[in-house]
Amino acid sequence: MTVLSLSCFVSNAAAALLVDGKLVAASTESRFSRVPGDSAFPERAIRFCLERLRMLTGRAAVDRVACVDRGETPPAGGARKPLAEIKSAVSGWTDKQSLRRRIRSLVDVRSEQIVFVDPLRAHAANAFMSSPFEEAAIIVADGDADHTVTATAVGSGATVDLEAVARQDVTGASLARMAADLLTASGSATRVAFGGSRAGDPCLVAHLLEDGRVTEIFVPPAVDGAGAALGAALHVHHLVAGGAREFALAHPYWGVPIERRGVLEVAQTSGLIWVECDEHELLSRTTDLLALGKVLAWAQEAAEWGPRALGNRSIVCDPTQPDAIGRMPHVAEAPDDTSMWTLAVPAERMAAMFDGVPAAALGPGRFGAVACRPKPAVADVLAMPTHLDGRLAVHVVAREVNPRFHALITRAAGKIAIPALAQTVLASPGEAPANTAADAFKAFRDWKLGALVLDHTMMINDGV
């Protein structure tokens, strides 16, 4: 069964595609429109997913379209009530017929094949159904620091039993209590799947991990409107259509790939010195530049699913050189905003570099969704700003997930002080993360970075 899903009119509207329960493509509309957090109808993201479907199967027909409904917000003051009382079926889209018509103008489906999914159910499915867990407690915390809607659930196999929702303040301590109560009440294993936009806060994830009862945690790479889009597809495949569960999200690279033709077009019209390299030369040249304190644009293979730089659309530098860190775009623009960048660390070096890192941190760390406290010897040489409690967001880079980025960090470790790279999103000022080779070149040019590494092609910016 093929399920196309979408979220729209919410931050980071997106589309995703499942074929036989497995994700094959996903992208936010912002990657195409270049508008940060674009909440428009995700027409270009849908077209991208359909094109991937044609490449895989030779056809563009889908069996279902899942659309995230807007739902109804529960009352303030922490009041809780069963999900059955949340009247999302009638309080969501003011004109679902118009939305159905718009979907059908792009996708060959009948109106009855379009299914609307409650947003909390979508977030819960995104958290659990994309995890490797057979059973887990599920926490959804969606919104911002002032207005957060929470939901708790228990996931087992291909089912999610969503229990109750509330609107309440969410802190690290309250989240840990919520997890403890849920684990006790459910009698489930000590695994937690965490979803909703607040799951994107690496410090909240760290607080969950500090509770000894939580031994494993999963946080998807996309947890806002984009994450809800994937969750809606998973909900329809498993809980509506009864499809088998055979998929776990092992990596975040589901977007538009860097294509060879686009790389050559950019290089030939750049007006810059450029060179094509084999793998060894590419890594050697790049690490030499990093050791010299250069800030580089690094764009490889498919774009990340989610808002973070995770080694395929990244700006990188040596994290121990203050001058380099000072030229990192998000540090230069907003030095107190530590949410926009991560320290990329090989998985095998985590225990040596950070205090009290449980094995469970390696899961959400793959998607940059956990904050860790560096050991004193590491903290002393880091030039990166940290959170107020001394933590920083970490991207745990596994060799099997991103071999080239892992090799770059490992190779750089012989030339810089620690085996890690500072990393932020490759994006032009005021734009969404880069998608294509042309987007990557524009960001590189706009920020006046030292070099751009596009696949196996390197462009050098002399004098920077």
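Attention in this report is confined to the structure presented alongside it. (Residues numbered from 1 in each chain as written. Predicted model: local features only at pLDDT ≥ 70, side-chain atom pairs only at ≥ 80, totals over all residues. Heavy atoms only, no water.)

1. Notes on the pairing of strand 7 (residues 135–143)
Let me state the cut-off plainly: A pair of strands is treated as paired once DSSP finds two or more bridges between them. For helices the rule is a DSSP run of H or I covering at least 4 residues; for strands it is a run of E covering at least 2, with both sets numbered from the N terminus onward.
Summarising the sheet, strand 7 and strand 8 (residues 148–156) pair through nine bridges and their orientation is antiparallel. Directly across from Ala137, in strand 8, lies its bridge partner Val154.

2. So, the packing of aromatic side chains
The line we're drawing: A pair of Phe, Tyr and Trp rings is counted when the ring centres sit within 6.5 Å of each other, with Trp represented by its six-membered ring. The angle between the planes then sorts it: under 30 degrees is stacked, over 60 is edge-to-face, the rest tilted. Note on classification: 1.4 Å probe, protein chains only; a residue is buried when its accessible area is under 20% of the maximum for its type, exposed when over 50%, partly exposed between these limits. When the NZ atom of lysine or the CZ atom of arginine is within 6 Å of a ring's centre and also within 35 degrees of its normal, the charge is said to sit over that ring.
With the rule as written, the count across this model stands at five aromatic pairs. Relative to Phe367, the ring of Phe218 lies with its centre 6.1 Å away and its plane at 90°, an arrangement referred to as edge-to-face. In this pair, Phe218 is assigned in strand 11 (residues 216–218) and Phe367 in the loop between helix 14 (362–365) and strand 18 (370–372), connecting sequence segments 149 residues apart. When its relative accessible area of 2% is taken as the criterion, Phe218 is described as buried. Judged by its relative accessible area of 1%, Phe367 falls in the buried class. Ring geometry for Phe441 against Phe444: centres 5.8 Å apart, planes inclined by 50°, an arrangement best described as tilted. Residue Phe441 and its partner Phe444 are both found in helix 17 (residues 437–446); the two are separated by three residues, about one turn of the helix. Over the ring of Phe116 we find Lys96, and its NZ or CZ is 4.7 Å from the ring centre. When the ring centre of Phe128 is taken as origin, the NZ or CZ atom of Arg245, which lies over that ring, is 4.3 Å away.

3. What about the nonpolar core?
Formally: What we call a nonpolar core is a set of buried Ala, Val, Leu, Ile, Met, Phe, Trp, Tyr and Cys residues that are connected through their side-chain atoms within 4.5 Å.
Among the nonpolar cores identified, the biggest contains 63 residues, and Phe194, Leu343, Phe354 and Leu454 are the most heavily contacted of them. The next biggest cluster of nonpolar side chains, apart from the first, holds 46 residues, and it includes Leu18, Val117, Val140 and Ala226.

4. Observations concerning unusual backbone geometry
For Glu301, which is not glycine, the phi torsion reads 50° and is therefore positive. Despite not being glycine, Lys448 shows a phi value in the positive range, around 55°. Summarising the element assignment, Lys448 is placed in the loop between helix 17 and strand 21 (451–454).

5. Thoughts on helix 9 (residues 260–269)
For clarity, the threshold we go by: Note: the arc covers the axis-to-C-beta directions of the helix. By definition, residues are in contact when any of their heavy atoms lie within 4.5 Å.
Among the residues making up helix 9, those that are buried are Val263, Val266 and Ala267. Along helix 9, the residues classed as buried sweep out an arc of 95° about the axis, all on the same side. Exposed side of helix 9, more than 90 degrees from the buried face: Arg261, Gln268 and Thr269 are the residues found there. Contacts made by the buried residues of helix 9 are with strand 13 (273–276), helix 17, strand 21 and strand 22 (457–460). Downstream of helix 9 by one or two residues, Gly271 has phi in the positive range, about 75°.

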